[in-house]
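One letter stands for each residue in the lines below.
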Amino acid sequence: MTRPAALALLALVALGGGAAAAAPPLRVGSKAFAESVILGEAAGLLAASTGVPVEDRRALGGTRLCWDALASGALDLYPEYTGTLREEILKDQGAPADLEGLRAALTARGFGFIGPLGFDNRYALAMPEAVAARLDIRAISDLARHPELRVGLSNEFMRRRDGWPGLAARYALSEGRAQGLDHELAIRGLAAGDLEVTDIYSTDAEIARDGLRVLTDDRGYFPRYQAILLYRRDAAARWPAAFAVLGRLAGQIDDATMLRLNARVKIDKIPERTVAADFLAERLGVRTAHADEPRWRAFWRRAREHLALCSVSLLAAILCALPLGILSARRPRLGQLVLAAVGVVQTIPSLALLVFMIPLLGIGAWPATAALFLYSLLPIVRNTHAGLTGIPGPLRESAEALGLPRRAILWRIELPLAFGTILAGIQSAAVINIGTATLGALVGAGGFGQPIFAGIRLDDVSLILEGAIPASLLALAVQALFDLLERLFVPKGLRANPR
């Protein structure tokens, strides 16, 4: 073998070894409520105890987001419920009622599940005990006699097939009487007296803590919601030892145990990972490493993640939006279409846009960066268009009379004159990005949104402030930076906000 060929072969071997070393880890996700995070952490820690590399993708949002991530391969495993699978995910595919039929239906689609884990977390409606006792309300059907009650339901329950629309029809309740809000905020609304009825999970720790009365489902509307670990079958083939150990979780968590674990997180304020690790040691005799990240290190990690999301998306938006703004100013008819298109993107709800990105880009930083890029286009395109079209006609005519080519007029006259307006558009996009980037935590992108959503989930104001204050300070710092740039590079008479 010649020396060049041998070197090439060594390079291929090295690349192959590097590719093998860089094989993706087992990606374990969970939904954005405490119970799901606890189960996801328990699964991740148990799998990691076998030596398998595990990537933690906690608190990713609602059911549809986690399912789409699993289907696209961005997740390998996450906790789910049999009732949700039947009524929400496989509702249009004739999901069978029995467990073995459900397992067969999932197997045909490339999925499987571990469990049931041992507890049943049904949906239910609840009221403060004092209010329910005063009005003698014990069952859901009793609500029909009290249309004056203030009903607040979690946003996901409001639109699920096994949620409010079907429940209202079964019990002859007015569907329009309920308002949608976050699940944790709805429970807090009961305690504060702002609401009188909300949906809860039967294993919610707040039932005992807040003295809630769970209303009897006297017409048998809600199906069973047995907890399982839903996974991709190709992941089980890749990590057989880990999935063999994960099978030990089946039947190990009864209703009382899950209530206790939820209470440790929601009431005692113990981190979900610690609660999960303690459960594994107590029930399965598996001791795992679960040291919590120091707060200062977590802060700098989130700051880097947040800045990366905002800076990459803003830079890409500038490179794309400036040519679009110039094109819009040069071609008025086409410009109207461009401005309308970027305006329509701005009207898409942030979370919906993030969910749309998951099948294309998976979860993590990429879908969040793409969404922020799209949201940044409108202010930059609009301000570039406004700055160029606002230049007085005689200035252009003078430049043309001097014989300057069109490109030279653009770079030497038009863009310098419009620079202040363009910079103001970039500034608006940057500040909007910093606030919107907090939603990236719902798709695993990190940043300052992580402690904000954890604080909402755990009813912990200090955690909310841990993310909200740095995000606000970062927005103020960026605002000040652009004000400084405007003062340095834009003559006072050409500034968008002269001062």
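Structure report, in brief.

Conventions and cut-offs
- Residues numbered from 1 in each chain as written.
- Predicted model: local features only at pLDDT ≥ 70, side-chain atom pairs only at ≥ 80, totals over all residues.
- Heavy atoms only, no water.
- Helix = DSSP H or I, 4+ residues; strand = E, 2+ residues; numbered from the N terminus.
- Buried < 20%, exposed > 50% of the residue type's maximum accessible area, 1.4 Å probe, protein only.
- Contact = heavy atoms within 4.5 Å.
- Expected span 1.5 Å × (residues − 1).
- Polar contact = N/O pair within 3.5 Å; in protein donor to acceptor, adjacent residues only side chain to side chain.
- Salt bridge = Lys/Arg side-chain N within 4 Å of Asp/Glu carboxyl O.
- Core = buried A, V, L, I, M, F, W, Y, C linked by side-chain atoms within 4.5 Å.
- Pairing = 2+ DSSP bridges.
- Axes fitted to C-alpha atoms, helices over the stretch in contact; angles between N-to-C directions.

Digging into the overall build of the protein
Moving on, step 1. Within the protein, the regular secondary structure consists of 22 helices and 10 strands.
Moving on, step 2. Over its C-alpha atoms, taken along the principal directions, the protein stretches across nearly 85 × 85 × 45 Å.
Moving on, step 3. Burial analysis of the protein (499 residues in total) assigns 50% to the buried set.
Moving on, step 4. Pairs at least 24 residues apart make up 75% of the contacts formed inside the protein by residues separated by at least 6 positions.

A word on helix α17 (residues 350-361)
In an α-helix there are 3.6 residues to a turn, and that puts residues three or four apart on one side.
Moving on, step 1. For α17, built from 12 residues, the straight-helix expectation of 16 Å at 1.5 Å per residue is met to within 8% by its first-to-last C-alpha distance of 16 Å.
Moving on, step 2. Every buried residue of α17 is accounted for by Leu 353, Leu 354, Val 355, Met 357 and Ile 358.
Moving on, step 3. Those residues of α17 hidden inside the fold are in contact with α3 (63-72) and α18 (365-389).
Moving on, step 4. Residue Gly 362 follows α17 closely and has a positive phi angle near 75 degrees.

Let's talk about the side chain of Thr 82
Moving on, step 1. Inspection of the secondary structure assignment puts Thr 82 in helix α4 (residues 82-89).
Moving on, step 2. Residue classification places Thr 82 among the buried positions, given a relative accessible area of 0%.
Moving on, step 3. A distance of 3.5 Å separates a polar side-chain atom of Thr 82 from the backbone oxygen of Arg 224.
Moving on, step 4. Excluding residues within four positions of it along the chain, Thr 82 makes contact with Leu 99, Leu 102, Arg 224, Tyr 225, Gln 226 and Ile 228.

Quick look at the pattern of salt bridges
Moving on, step 1. The full count for this structure, using the stated rule, is 28 salt bridges.
Moving on, step 2. Among the ionic pairs, Arg 160 bridges to Asp 162, the shortest N-O distance being 2.8 Å.
Moving on, step 3. Among the salt bridges present, the one from Arg 302 reaches Glu 466, with a minimum N-O distance of 2.9 Å. Here the residue Arg 302 occupies a position in helix α15 (residues 295-330), and Glu 466 occupies one in helix α22 (residues 461-489), the gap between them amounting to 164 residues. By the burial criterion, Arg 302 is buried, and Glu 466 matches it.

Quick look at the nonpolar core
Moving on, step 1. If you look at the biggest cluster of nonpolar residues, it comprises 67 residues, and the most contacted ones within it are Leu 143 and Phe 243.
Moving on, step 2. When residues in this core are grouped by element, the largest group, eight residues, is from helix α2 (residues 34-48).
Moving on, step 3. Apart from residues lying up to four places away in sequence, Phe 243 is in contact with Leu 26, Leu 77, Ile 114, Tyr 231, Ala 235 and Ala 236.
Moving on, step 4. One finds Leu 60, Met 357, Ile 434 and Ala 475 within the second-largest nonpolar core, a separate group that totals 64 residues.

As for the pairing of strand β8 (residues 198-201)
Put simply, side chains in a regular strand alternate between the two faces of the sheet.
Moving on, step 1. The alternating pattern of β8 places Thr 198 and Ile 200 on one face and Asp 199 and Tyr 201 on the opposite face, and all of these are buried.
Moving on, step 2. Alignment of strand β5 (residues 123-128) against β8, held across four bridges, turns out to be antiparallel. Looking across to β8, one finds that Tyr 123 is bridged to Tyr 201.

Quick notes on the sheet that holds strand β9 (residues 212-214)
Moving on, step 1. Read from one edge to the other, the open sheet built from three strands follows the order β8-β5-β9, with strand pairing classed as antiparallel. The open sheet has two edge strands, β8 and β9, and neither has a second partner. Within the sheet, the average angular offset between the axes of one strand and its neighbour, ignoring direction, is 50 degrees.
Moving on, step 2. Where helix α9 (residues 183-192) meets the sheet, it contacts β5, β8 and β9, and its direction lies at approximately 115 degrees from that of β8.

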